[in-house]
Every structure is written in C-alpha cells, then in structure tokens.
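Take a look at the letters that make up each chain.
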Amino acid sequence: MFGRRTSDPSAPKPKPSAPAQPAAEAPEAAPAAPAAAASASAAPAPKAPPEPPPPPPPSQPPSSGNARQRSEEYYDVKTSVFNALIDTIDLTQLAKLDAAAARDEIRDIVSEIIQIKNVVMSIAEQEELLEDICNDVLGYGPLEPLLARDDIADIMVNGADTTYIEVAGKMQTTGVRFSDNQQLMNICQRIVSQVGRRVDESSPICDARLPDGSRVNVIAPPLAIDGPALTIRKFKKDRLTLDQLVKFGSITAQAEDILQIIGRVRCNVLISGGTGSGKTTLLNCLTGCVDHEERIITCEDSAELQLQQPHVVRLETRPPNLEGEGEITMRDLVKNCLRMRPERIIVGEVRGPEAFDLLQAMNTGHDGSMGTLHANTPREALSRLESMIMMGGYSLPIKTIREMICGSIDIIVQASRLRDGSRKITHITEVLGMEEDTVTLQNLVVFEITGDDDSGRVLGRHRSTGIARPRFWDRALYYNEEGRLAEALSASEVLDEHGNPLGESNG
Ligand SMILES: Nc1ncnc2c1ncn2[C@@H]1O[C@H](COP(=O)(O)OP(=O)(O)OP(=O)(O)O)[C@@H](O)[C@H]1O
Ligand SMILES: [Mg+2]
C-alpha cells in the first residue's frame, strides 16, 4: 500500500522529506503522532520524526465516544496499536496523499494491526478506535469531534486531562483527554505552525487561527503551570444575523430596526461588552446594514468578521517574530487605513493607542466607522477609551479627550452575557455631548431584568426610554429613515400601570 513502509521494518527509518511547512518552524513542529507514541512507550524510538501530512479541515463526523469518559484499558490498547501503526506506516509517503486517501490507508493498516494483535473489541469500539487514531495522525487528535460540532462556542483545554466547552452560553466539562501534555503540546504546535508561528518554552504564548477561521490562543508551560492551556473560539459557519438575535431574545424586533437604522445612516458606533458577550457577533450583524457601494476596511487581531459586502479590504495585525521584530500593531493598521481611501473603518477590538487614531478617523469624514471594546457599561466604555488615549502618551487635557470622544462616537451598544448564559443587548445609548467636564449619555433602549424563572433563566424586557428624537435624528432624516426610527422607538416604549411611559434611566 502507498503509505506503508516498503523496506524491511528493521532497516533505518526514512528521513523526512522536504517539509510542507516553512523551514523555520519545521524542526520545532514535532509531529503529534510519533511524539505521542514515543511518550507513551517505555523506550522512545530513536528515529527521526517524519513530517506528518497537513491536518485536514476539521470536518470529520463527530465521534460520540470521544466525548465520554474512556477506560485506562482503552488508552492502553490505543497506545499499543498506535505504536505499531507508526512502525508500519511511512508518514512521508502518507503526507503525499490527500486527506481522504490518507485516512483510508490508516484505517486499513489499523484494522490489520487489530487483527494481528488479536485485540478483542466490538465493531463499534473498533470504529471508535479507528476514528481516534486517524484524528491523532492526521488532524487535531481528541479535539476533532469537538471541532466538528457547530453548537460549541468555545473549547478550553486546561492541560491533558481537562477540557471544557461552552454550549448555549453554559460551561460544560467533557470526557475529552489527551494521552499526556506532550501530545497536547504537539497538537498546539501543529495548529500554530500552520500560521508560521511556534510555541515552546522560549516562546510560550501564541495566537493562531485554524483553517476554518476559528481563533486560537495557546499558553504553554512554564507560564501555564498545569500543562498547556489551549483556547479556541469556534468560528460559526453560519454567521448570526440580527434576525436570529431577535429569535434568541437578545434584542426585540424594534431594537433590531433601531440598530439597522444606526448602521445604515452612518453613525459611528462603539460596541462594548465583556469577554465572550457577543461583541464581534454584533459588529458583524451591524456591518450587514452597510450599503454594498461603500468601501470598507477592517482591522483585526485575528480575522473573524465575515462581511458580505463586495468592496472590503481585510487587514490583520502581526505579532513580532522570534527575534522580536516585524510586529505590526493595530495602530499601524488603523493609521495605514487612512491612506487607503476608506469610507468606513471597522476595528475588531480597540484596546490600545489605536483608539486615538480611530476617533480621529471617525471625526474626519469616515462616518459609520465601528469598533468593539471590553467594558461592562456604556459609561465604563467611555472611561476605557479615555485611559487608552492617555496611555498612548498623548499629553492632552482630559477635557479635550472627552470632547474628542463626544465629537466622534455617536452610539454605544452594550452586549452582556447574563448569569444564565444568555446573551443580551442591554443598552443602545447615545453620546449626547459635554456638560461641563462630563460626557452626557442618553439611553434609547435598555434591558431591564425583572426576575428569574423556576429553571434559573433570567427574565426581563427591552424597553425604550421614551426618547422620541435621538441626536442622530437629522441623519435619519437625511437617509429617509425617520419614519421607521420614530415607529421603532415608540413601539419599544413600555407603559406603567397608569399608561404613562416608564421613567428614563440613563447610564
Ligand atoms: N446574541 C447571541 N445569542 C447567542 N449566541 C451568541 C450571541 N452573540 C454571540 N453569540 C455566540 O457567543 C460566542 C461569542 O461571541 P463573540 O465572539 O461575538 O463574543 P466577543 O464578545 O467578541 O468575545 P471576545 O471578547 O472573546 O472577543 C460565539 O460563539 C457566538 O456565536
Ligand atoms: Mg470578539
């Protein structure tokens, strides 16, 4: 067979052929399979590790078995079959096959090994083992079944023995485990080497992206004390839309209208929220309201946005190389953007001195620009912006910074993940202006929590604060959206038991 070693098994193993990956990371990109085998066997094989084939896109069917707890016996059998496979197969040849053919090849050989070794297992168990071994050799090992599921938002691996996932806003433990930290490290290495990066003791922090667009962070020992920590924000193949957010109860249909108008009439928007609260999702949804004629430039640390418009330029930052050179920061990108004749600038996450450049861009004819920022309330978002600008080394008086913020940001949309795991848009807030030294904000729509139901779900309602003429009214007029805006605002109003509007609560 093609992938099988043709030479005498006792003869020296073939040297790896020219690696498919860039030469710089090849020596470090220890393939998962041989290293896992070596770490599992008593005496590590003294062979040069051949290069494994590149992992296939993570689209293998989920193996339900991987998600459940397995016995030690299973892992012993797997290790022994795995070692025999590595001794039999020529990984260099295997690398030349496409993913499906390589998988078939491995399945054939593993089936034979199981027969020769007289391993007693049911057909279902054998299928599971076959799938598991294929995943180890060709893909991301025990992670494969999780990567294949589209209902998972995050995968969090805390060392070889513990993996959590987030499903429907809730954290869950899984039965997924790796043979040992070395196997986990090899998989991390394999993931990051695809984007030309390396993760090891000397460079223990790394961001990367899976071929499907999922965002990956790895932090390795000695910084991660209990073994490598791998975090994956799964890329949603079907991006969420505003309509779906309405279906999920994250916003009301009226608030959806208001957001659509805000996007369409070119308000400058800041989306604020905690980690994983849905900021990027919301930004993606808002960009859906942008006209197809506009030229949009996106700047991100890890490209996550999925804009549907035809005229989009996507930019991504770059971390420094191993010598500490070549870094391209968000600020570099935003500054460069301004020389690219953008109509709108979209910044995936504002977290440093680029805040100043983004505000300037918003102020100077790039209306309709947007960005996200980590903060828990719209008010806090403003102070975060202030501190980012101050930390950028601009010796501007605080009042000037605030005036700049008022002159640039029109709307702050606040996203939150509530204690029951649900994600809500809790505020649509306008930046009104300055009163003496303070920036004044005006909520248009707020989410009010009214209690919990028996199953622990948070109950609440979105309501308009009764503002009939928001500050961006003139813009809405200009784009002929004033009728829709007035309707959406009044329809979201909630009246008290006497039929009077509920009092406004500003943040
Ligand atoms: N309103 C929503 N309802 C249900 N799921 C949502 C909602 N908004 C976002 N999600 C899901 O939550 C996860 C996190 O969303 P997202 O990446 O937008 O968060 P984020 O705030 O940008 O996170 P980070 O701070 O890590 O950048 C994704 O899987 C996304 O599909
Ligand atoms: Mg995000």
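So, how was this worked out
- Residues numbered from 1 in each chain as written.
- Chains lettered and ligands numbered in written order.
- Predicted model: local features only at pLDDT ≥ 70, side-chain atom pairs only at ≥ 80, totals over all residues.
- Heavy atoms only, no water.
- Near = heavy atom within 4 Å.
- Polar contact = N/O pair within 3.5 Å; in protein donor to acceptor, adjacent residues only side chain to side chain.
- Helix = DSSP H or I, 4+ residues; strand = E, 2+ residues; numbered from the N terminus.
- Nonpolar A, V, L, I, M, F, W, Y, C, P; charged D, E, K, R; others polar.
- Axes fitted to C-alpha atoms, helices over the stretch in contact; angles between N-to-C directions.
- Parallel < 35°, antiparallel > 145°, perpendicular 65-115°, else oblique.
- Left-handed = near helix turned anticlockwise from the far one by under 90°.
- Contact = heavy atoms within 4.5 Å.
- Pairing = 2+ DSSP bridges.
- pLDDT = per-residue confidence, 0-100.
- Phe/Tyr/Trp six-rings, centres within 6.5 Å; stacked < 30°, edge-to-face > 60°.
- Buried < 20%, exposed > 50% of the residue type's maximum accessible area, 1.4 Å probe, protein only.
- Lys NZ or Arg CZ within 6 Å of the ring centre and 35° of its normal.
- Patch = residues over 30% accessible without salt bridge, like charges linked within 9 Å, V, L, I, M, F, W, Y side chains within 5 Å.
- Areas by Shrake-Rupley, 256 points an atom, 1.4 Å probe, with all protein chains shown as cover.
- Salt bridge = Lys/Arg side-chain N within 4 Å of Asp/Glu carboxyl O.
- Lys, Arg positive; Asp, Glu negative; His and termini not counted.
- Charge placed at Lys NZ, Arg CZ, Asp CG, Glu CD.

Chemist: Is there a simple way to think about the site of ligand 1 in this case?
Modeler: Around ligand 1 sit 18 residues, and of these R233, S250, K279, T280 and T281 come closest. Contact distances for ligand 1 include 2.8 Å between an oxygen atom and a side-chain N or O atom of K279. Side-chain polar atom of T280 to an oxygen atom of ligand 1: 2.6 Å apart, as the coordinates give it. Broken down by element, the shell around ligand 1 gets its largest block of residues, three residues, from helix α10 (residues 279–287). Tallied by class, residues from the shell around ligand 1 come to four nonpolar, nine polar and five charged.

Chemist: What is the right way to look at the packing of helix α13 (residues 378–391) against helix α14 (residues 398–408) in this model?
Modeler: Working note: a packed helix pair is described by the angle between its axes plus the distance between those axes. Across the interface, α13 lies against α14 with an axial gap of 10 Å and an inter-helix angle of 125 degrees. In terms of orientation, α13 and α14 fall into the oblique class. Considering the relative orientation of α13 and α14, their crossing is right-handed. Facing α13, whose interface residues are L382, L385, E386, I389 and M390, α14 presents I398, I401, R402 and I405. The residue makeup of the contact of α13 with α14, split by class, is seven nonpolar, no polar and two charged.

Chemist: What should I look at first to understand the sheet that holds strand β10 (residues 344–347) in this one?
Modeler: Hydrogen bonds between backbone atoms are what pair the strands of a sheet, whose relative direction is either parallel or antiparallel. Ordered in space as β9-β8-β10-β11-β7-β12-β13-β14-β15, the nine strands form an open sheet in which the pairing is mixed. Each edge of the sheet is formed by a strand with only one pairing partner; in this case those strands are β9 (312–316) and β15 (458–464). The sheet shows a mean angle of 25 degrees between the axes of neighbouring strands, direction not considered. Here strand β7 (residues 269–273) pairs with strand β11 (residues 370–374) via five bridges, running parallel. Each bridged residue has a counterpart across the sheet, and for G273 the counterpart in β11 is H374. Sheet strands in contact with helix α9 (residues 253–264) are β7, β10, β11, β12 (411–417), β13 (423–435) and β14 (438–452), and its direction is about 50 degrees off that of β13. Packed on one face of the sheet, α10 meets β7, β10, β11, β12 and β13 and runs near 165 degrees to β11.

Chemist: I would appreciate a short explanation of the confidence of the model for the protein chain in the present structure.
Modeler: Reading fine detail from the predicted coordinates is not recommended where pLDDT is low. Residues of the protein chain with pLDDT of at least 70 account for 83%, and the chain-wide mean is 82. Every residue in residues 5–68 scores below 50 in pLDDT, and together they form 114 contacts with partners more than four places removed in sequence or on other chains.

Chemist: Please clarify how the packing of aromatic side chains should be interpreted in this entry.
Modeler: Think of a pair of aromatic rings as described by two things: how far the centres are apart, and how the planes are tilted against each other in angle. Tallied over the full model, the rule gives two aromatic pairs. Here the aromatic rings of F356 and Y394 are separated by 3.9 Å at their centres, their planes lie at 20 degrees, and the arrangement is stacked. Highlighted residues: F356 in helix α12 (residues 354–363) and Y394 in the loop between α13 and α14, separated in sequence by 38 residues. Each of the two residues, F356 as well as Y394, counts as buried. Centre to centre, the rings of Y478 and Y479 are 5.3 Å apart; their planes meet at 90 degrees, and the pair counts as edge-to-face. The aromatic ring of W473 is capped on one face by R469, whose charged end is 4.1 Å from the ring centroid.

Chemist: So what exactly am I meant to see when it comes to the sheet that holds strand β5 (residues 215–219) here?
Modeler: Across the sheet, which stays open at both edges, the six strands sit in the order β3-β2-β1-β6-β5-β4 with antiparallel pairing between neighbours. Both outer strands of the open sheet, β3 (170–173) and β4 (205–209), are each paired with one neighbouring strand and no more. Each strand axis lies, on average, 15 degrees off the axis of its neighbour in the sheet, ignoring direction. The pairing of strand β1 (residues 152–158) with strand β2 (residues 163–167) spans five bridges and is antiparallel. Residue pairing across strands places M156 opposite Y164, the latter belonging to β2.

Chemist: What should I look at first to understand a negative patch on the surface in this one?
Modeler: A contiguous patch of negative charge on the surface is contributed by E403, E435, E436 and D437. Looking at the element boundaries, D437 is found in the loop between β13 and β14. D437 sits in the partly exposed class, given a relative accessible area of 41%.

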